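Fold and geometry: a report
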Amino acid sequence: METQRKCSGDDDGGGERGLLHTWKGYSYSVTPERLLLPRPVLQVALGTRHGVLLVEGGQVYSFGELPWKQSQVPEPAKPTLEGALSGQRVVAVAAGSFHCGAVTEDGGVHMWGENAAGQCGLSSLSSVPNPTPVALQELEAVAAPPQMVPVLELACGEKHTLALSVQREVWAWGSGCQLGLHAAVFPVWKPQKVEHLAGRYVLQVACGTSHSLALVRCLGSHDSHRPHVDKCGRCNQLLYTMTDKEDHVIISDGHYCPLGVELTEDDGKLEAPAPSAGLKTSPSEPVLPSYTSKLESPAVAADADPTSDLSHPEAPEEGEASLVNGVLQASDSDTLAPSEGSSGAASGVKSSPYPDEQAVKDYLRKLSDSTQMEAKASGGLHTLLPSAGGLISSTPTSTLNNLVASCASAVGERVASTYEALSLKKMMNFYLPSGASRSGGSPGVVDNSAERVRQEDSMQGKKSSSTGDIREEEADGLRRRLSLPGLLSQVSPRLLRKVGRPRVRAVALTPLGGAVPEDHEVLPTLQTEVWSWGHGEHGQLGHGDNLARLQPLCIKSLNNKEVVRVAAGAHHSLAVTAHCQVFSWGSNSSGQLGHMESPSTVPRLAKLSEGIRVWDVSAGERHTLLLADGDCIQPIIYYSGQQVKEGEEERGNGKELHQQGGGEEEEEEQAGGYTQQPVLLPFCMNLGYVNSVFAGGRRCVALSDRNVMGFIASLHELASTERKFYCKLCNIKSQIIRPLLELESLSSALGQVLFGLLQTLASRFARLCHLTGQHATSLTANLRRGREVKNLLILEHISIFLDSYHDYCSAVGNFQVMGGFQALTKPSVDVFGKSPELLQKLSECSEENLTTADLLVALFYLPTHHVYDYGRLLLKLATCFEVCSTEYQKLQDSCSKFEASVLRLKRKRKEADYTVHFFKSFPGKMTDSLRKPHRRLICESSNKGLTLQNAGRFSVNWFILFNDTLVHAQFSTHHIFPLATLWVEPIPEEDTGLYGLKVITPEETFTLLALTPMEKAKWLRSINQAVDQVLSGAGRDAASGGTVQKLEPPVSRTASYTFYKEGRLKDAIYEGRWLSGKPNGRGVLKWPDGRIYTGTFKNGLEDGFGEFVAPNKTLSKNDHYQGHWKDGKMHGLGTYRYASGEVYDGSFQDGVRHGHGMLRSGKLNTSSPSVFIGQWLQDKKTGYGVFDDITKGEKYMGMWQDHQRQGTGIVVTQFGLYYEGAFKDNKMMGAGVLLSEDDTTYEGEFSDDWTLSGKGVLTMANGDYLEGSFSGEWGSGLKVTGSYFKPHLFDTDKDKTRAVKLGRLCVCAEDKWQAVFEECWSQLGCEAPNRGEPQKAWENIAVALTTNRQHILDSPESLSRCHNKTLESLEVIPQHVGPVTMERYHAIRLYLIKACDTPLHPLGRLLESLVAVYRMTYVGVGANRRLLHQAVSEIKSYLNRIFQIVRFLFPDLPEEGGLIPEPTTDLQDKKSDNADAPLESPKPARVVSSSALLLPVLLPRLYPPLFTLYALDKEREDDVYWECVLRLNKQPDLALLAFLGVQQKFWPVSIPASLPAPGEKQQVISSTKDACFASAVETLQQISTTFTPSDKLQVIQLTFEEITQEVQTLLKQDFLWSMDDLFPVFLYVVLRARIRNLGSEVSLIEDLMDPCVQHGEHGIMFTTLKACYYQIQHEKIT
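These figures come from a predicted structure and were not determined experimentally.

It is worth spelling out the packing of helix 12 (residues 746-784) against helix 14 (residues 798-817) at this point. For the pair helix 12 and helix 14, interaxial distance at closest approach is 9 Å and the crossing angle is 155°. Regarding the angle of helix 12 to helix 14, the classification is roughly antiparallel. At the point where helix 12 passes helix 14, the crossing takes the left-handed sense. Contacts between helix 12 and helix 14 pair Leu754, Leu757, Leu758, Leu761, Arg764, Phe765, Arg767, Leu768, Leu771, Thr772 and His775 from the former with Ile800, Phe801, Ser804, Tyr805, Asp807, Tyr808, Ala811, Val812, Asn814 and Phe815 from the latter.

Mapping Lys1514 onto the fold places it in the loop between helix 30 (1490-1513) and helix 31 (1515-1528). Here Lys1514 falls in the buried class, since its relative accessible area comes to 16%. Among the polar contacts made by the side chain of Lys1514, one reaches the side chain of Ser1643 at a distance of 3.5 Å. With sequence-adjacent residues up to four places away left out, Lys1514 is seen in contact with Gly1639, Ser1640 and Ser1643.

All right, on to helix 14 then. For helix 14, spanning 20 residues, the distance from its first C-alpha to its last is 28 Å, which sits close to the expected 28 Å at 1.5 Å a residue. Among the 20 residues of helix 14, 17 are classified as buried, and the element is accordingly described as predominantly covered. Where helix 14 ends, the next residue or the one after it, Gly819, has phi of about 75°, a positive value.

Turning next to the nonpolar core. By size, the foremost hydrophobic cluster in this structure holds 121 residues, and its most contacted members are Trp23, Leu625, Ile637, Leu792, Phe821, Leu824 and Phe898. Among the elements that make up this core, the one with the highest residue count is helix 11 (residues 711-741) (15 residues). Beyond its immediate chain neighbours, meaning those up to four positions away, Trp23 contacts Val30, Pro32, Leu625, Ile637, Leu681, Phe683, Arg699, Cys700, Val701 and Ala702.

What the 4 strands build is an open sheet, ordered 13-14-15-16; its pairing is antiparallel. Strands at the two margins of the open sheet, each flanked by one partner only, are strand 13 (151-156) and strand 16 (188-193). Geometrically, the sheet is characterised by an average inter-axis angle of 15° between neighbouring strands, direction not taken into account. As defined by bridge partners, strand 14 (residues 160-165) adjoins strand 15 (residues 170-174) across 5 bridges and the pair is classed as antiparallel. For His160, the partnering residue across the bridge sits in strand 15 and is Gly174.

Looking now at the pairing of strand 59 (residues 1241-1248). For strand 58 (residues 1227-1235) and strand 59, the ladder comprises 6 bridges, and the chain directions are antiparallel. Across the sheet, residue Gly1232 finds its bridge partner in strand 59, namely Gly1244. Two successive antiparallel strands, strand 58 and strand 59, enclose a turn made up of 5 residues, where Asp1239 displays a positive phi of approximately 75°. Hairpin connection between strand 59 and strand 60 (residues 1251-1259): a loop of 2 residues separates the two successive antiparallel strands, and Trp1250 in this loop has a positive phi of roughly 55°.

Our next topic: the packing of helix 23 (residues 1314-1323) against helix 27 (residues 1402-1418). Their axes nearest at 10 Å, the elements helix 23 and helix 27 cross at an angle of 170°. By the criterion of interaxial angle, the relationship of helix 23 to helix 27 is roughly antiparallel. Counting all contacts with helix 23, which are made through Val1316, Phe1317, Glu1319, Cys1320 and Gln1323, the residues of helix 27 involved are Pro1402, Arg1405, Leu1406, Ser1409 and Leu1410. Its residues assigned to classes, the contact of helix 23 with helix 27 shows 6 nonpolar, 2 polar and 2 charged.

The next thing to look at is the side chain of Thr577. Mapped onto the secondary structure, Thr577 falls in strand 27 (residues 572-577). Once you skip the residues sitting within four places of it in the chain, Thr577 turns out to touch Lys561, Glu562, Val563, Val564 and Phe583.

Another aspect to go through is the pattern of salt bridges. Tallying each qualifying case throughout the model produces 44 salt bridges. Across the pair Arg767 and Asp807 runs a salt bridge whose closest N-O atoms are separated by 3.5 Å. Remark: Asp807 occurs in helix 14 and Arg767 occurs in helix 12; sequence separation between them is 40 residues. Residue Arg1426 is joined to Asp1239 by a salt bridge in which the shortest nitrogen-to-oxygen separation is 3.1 Å. One end of the pair, Arg1426, is in the loop between helix 27 and helix 28 (1428-1449); the other, Asp1239, is in the loop between strand 58 and strand 59, and 187 residues separate them in sequence. The class of Asp1239 is partly exposed, set by a relative accessible area of 27%.

Moving on, we come to the confidence of the model for the chain. When pLDDT is low, close inspection of the predicted coordinates is not appropriate. Residues of the chain with pLDDT of at least 70 account for 72%, and the chain-wide mean is 76. Counting interchain partners and residues more than four positions distant, the pLDDT-below-50 stretch residues 1465-1483 has 3 contacts.

Parameters at a glance
- Residues numbered from 1 in each chain as written.
- Predicted model: local features only at pLDDT ≥ 70, side-chain atom pairs only at ≥ 80, totals over all residues.
- Heavy atoms only, no water.
- Axes fitted to C-alpha atoms, helices over the stretch in contact; angles between N-to-C directions.
- Helix = DSSP H or I, 4+ residues; strand = E, 2+ residues; numbered from the N terminus.
- Parallel < 35°, antiparallel > 145°, perpendicular 65-115°, else oblique.
- Left-handed = near helix turned anticlockwise from the far one by under 90°.
- Contact = heavy atoms within 4.5 Å.
- Buried < 20%, exposed > 50% of the residue type's maximum accessible area, 1.4 Å probe, protein only.
- Polar contact = N/O pair within 3.5 Å; in protein donor to acceptor, adjacent residues only side chain to side chain.
- Expected span 1.5 Å × (residues − 1).
- Core = buried A, V, L, I, M, F, W, Y, C linked by side-chain atoms within 4.5 Å.
- Pairing = 2+ DSSP bridges.
- Nonpolar A, V, L, I, M, F, W, Y, C, P; charged D, E, K, R; others polar.
- Salt bridge = Lys/Arg side-chain N within 4 Å of Asp/Glu carboxyl O.
- pLDDT = per-residue confidence, 0-100.

Written out as structure tokens, the structure is:
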């Protein structure tokens, strides 16, 4: 950029940027003079007779008359530097009539000049000579220090100043009601916040002499976080009100504070009668002013032209009717279109300014008729409630407004109601009570006026070029509502939605959020409101009256006009819209408004010839400057207002001019001519490229740039092109799209689909239009300040533009393909007539005789050409820079993106055209089924270039490739193959000599033959490209402009497909991964009958892990399976939850239960809750299994066949019965043994459950027995034929001979749970135990771990961190071949512990299953002491069988009882340790046993049920033992030691006191308890906390060591025990340890002890403990 900044060193000393020209008036003789400054001027501000300049670098110069300077500058015209601001970088300046302001970079404010009214914000000075800082302070809390508020810009009036803060709030100081403050006393020295605008986002402020304007962003959803004020600060009335009527709600935001109206004297003009004193205005009720009885009707004022009164009867959209100069006139505040040739209609001046009631009624009737007509015509709804800006609440003095309701404001415009809900009649009765003041009047006038209104209305749409935005009513209403912060919270959103919705259409034609979600952060907003306040005697506030306003009030008629800039002259106001139109209002004494219509109290459009687009305005005392685009790029300047005569001395009408007010017009007449409408300044083309204009006092200033290297011209061209384009789009929107959408017959003419597409098209158009408007506004702002490339939003946010155009083009294409433009022909003829000049003009078509449809196509494709302009203009800008600069890079980059987009949009249009053409020629019947909005034709084989292999001789095969499907059409049928599931591969030619393509779809595979290799290549490429585009995301077609195209789409892909052929999958829908035509990978398959499979597939079949849901019709619930599949069937582990409530958890094979599994039926409250766990064969219980029948309280453990108990088995019941024997046909049948709780035993034949039948022996608990034949059910009286024996009557000392040996008639432990072990072997890849390769087994383990872990990772919550670590360590295969040393042995032990810790490892899974079955067997009813023997042998069998697997995995591990040598230490060490050692003892070795290796893993998990059985079995002995222990423990230590016969030398003579002094001993007193051998006792007690026998033996050994240690400290010498010495001491320790179930502990150790330790040290110690146990039981206490 710097390249253009450098001064060119011209003679004029100017440079190239910011050249300043100044002049007065508009006559041809005027020539602007150059004001020479050392640096480019950035901004100018003009007061009445002085000006302030801001130059680059932030310095400020003043020129003109500066009376506040103490030393009057001799040459007032010369700009002088304001030295007080040196060191500060100023970013903005402002000038009031006689004072100035500046804003510095950090947001500080400096003021100087006239200060009599406090306008400089400094107290006690009447004028301020030099710039002085003024602080804006936010008082947060009472105690907190005030916050400084940084400022963005200033605006100065005559006696007041406004500042806009960085927070977008307005601050004011000075004097007068134009401050908008609630001030009681003026002047206000200290800047104060204008509370009435708090919470709103203010974009700009402007000051006139005595009024203020603010441009405010409409409250969108993004402002909802701002706090809102809902009560008026003065009169304490609600700002927003809701009045609930029977069938509608009136919502009004039109509160106007009565205290805020400053009543002015009637200046000889008829404006309005003053209200009666006590009038109270409440916004929620209509106001009926009580007029004073004698109203003199003033004569029509001389200066009022009677014709002008009706010259602007605007369309009654907002429909306020107002009375001006005795003539009823309908005014509107929504769409302001000046009506050209309307002639005056006042037939005579009436005696009273008011029409009588009859006249009003007539007028209203007419109005209502036209309203209803309009409502019918537009299909819209009209709300018939007074709009807030107009009727009841506007001001108490507006004349007829208080009588006439605003009849037809746009839908939702601040009021919610529907047309049907409220008839006009009711409204009138509501708002026109009979008490309204009557007076005579001429009905003719009224009628005429109403008629005019109607004509005007019908012309409105055609004539107003782009005034109204296309707003569907909904959008309109919504925006109005959004600008009321209080509303959304109070009205139910449903009501608002319902109300704001027209009957047919609901497409918002202006995107509410703007173009894109983030656009309000990025692009300037177009949804704005203009607020005004201050003095209004010239109508400069724009509210339709001449009253003053003390607080800001929104000018309702400028809503939705997209105002982007406001300006204020002395007594008039201007607003520029995004459409480049100018609205003006206020004093028009010199034609400064740019039009000659009256009243000028409401905004009206300035009269400019067609094609002039204004983009900058400024207003002086009595003139207006407009900067506009004309036909060329260079901007032109228009002047409107008073002529300034050469040589006329301004001093003559100096300050006093402002004080006069009333006499201004007369003065004007004498001062010279003025313009009737804006005139072009002839010299403007000589000024170069003007970037902004400024007016003030009588003076005009323009800032221009030289066109260096074409850069400035290019920037101007970019901006003016964009503005022109926006106006063009708005015209299309308002003149074509809106009238079409408002046709009531449209939806029926187009049909549902096309109508929806048209709505989408319209909303995309509106979005594009809105984006263009925002962009044009931002470009204009960049011209006004900056002119930098870095400020171009289009470079930063190019994607927003590209996407909008892309979406729009798609929408046009979709509508076109569906034949939309043909269908639109008839509606278009209805709207635009037979000869569519308007369409011809707007679509810029030069060709003659085009059909309406073609014109519409051209018109709707028109916006897409603009992308080319973007590229062209950015390239033009780029050429102004060095190739290496970043600006060049950025511009070039964006340019190429736009160029690529141009090609893309052209291609899209071409595709759409091609498709439309194809459907015209295509046979009609198929067209309807094949036509889809997004579908485009790629190629088709009507040239017979492609045929089907092996087709019949007479068959017709026509292939059509669309962008989403391949269609195979025959005579009368056609089949559609979606491209997402279509694979095509070329068939190599050398085999067949044919040019073939093989096409694979999920259910069909066929071969296509091409005529030539080229044709084959074309189809192959086309199909592959189309498939690839479908897969890579529809429609983003080769977005990069068709760059490198992949040769072929991926073979594996994700897609959705519905099967259609007969078979298992008919009508099923599959969504998921595919591989060459088959589902493969993860997917979901849904059948029409409700079955759903979710999981993995392989080769088109369910395979891997998956979930399956199948509805059960009879129970109307679902079956649910979760588990493994293979080849489309359940296979492997899984859980099946049946609809009946049963749950099967276990193995499946070929879709049925097979292998080991558990079936749980019913909950406890259903009829048959039961659990079966065991082996299944082909869906039947077969093999060993345990069945727990919870309702009967029985548990069966034995063999099954076909769901029936068959073979040997055991039944135990909750009442202690125990049966073991044979079963047949689900009954006890054959030989068996039955024991009852009290040991009564029957051994013999059975025929049914618990039914004895045949020979047997019945033995009583005392040994008596019966022998014979029995019949009958156990427990209900047995019939017996036999002999009774009482064997022990005489030989008492003989052993019981009849003790029954249990366990002979049940399943042996090795045969139990074979399925569980088989499952584990098969997981390791072996068909049978030990048949397989260890290497293969290890690989299977690794695979199982990885897949299971992956499966679990998908649901991480089930996996703890440590578990994950375990898994990671297990995935490493340990060394499993080679000789086993001690080190390897320990490694194996650790590996097994880890493996058994996770169910994902086959061993862990095996262990988990074994624990489950063991608990199922021996918990609950199974806790029967007679099962102890089987429980123990079952554990031993587990050990053997697991050890077998471990030895298979580690083949070099010695077998049971084998030895592993300990690593021997060096021989020398041995020698030195025991110099006198005996000969080498045999090398120590470790015996390998399954119990040592595996019990530590297995037993802790099985310990609770097992130990319970031991406790039950040893119950009697333990009770005897415990009684004895309790008795003996009552003895003190010494007594017990003596009783047990412990030798005196082992008695502890003394024990340490709790804290004895050194060397001091404390005698054991005879009464001491639990003090001797305390540590040994404590050690022994830990036996109950250990699980495995080896751990328990370890505890016993430690106990012995503790005893020895204690005795050694007593005897102070080494000591060898003899058993006689040791036993009593140990017995003492055992007694004191008080172990409750010592018998059970002893038995457990005995049963499960490692056989190799039975004869070692541990064995002896254990025997000692056992002896103690028996000794205690039989201890006789004397």
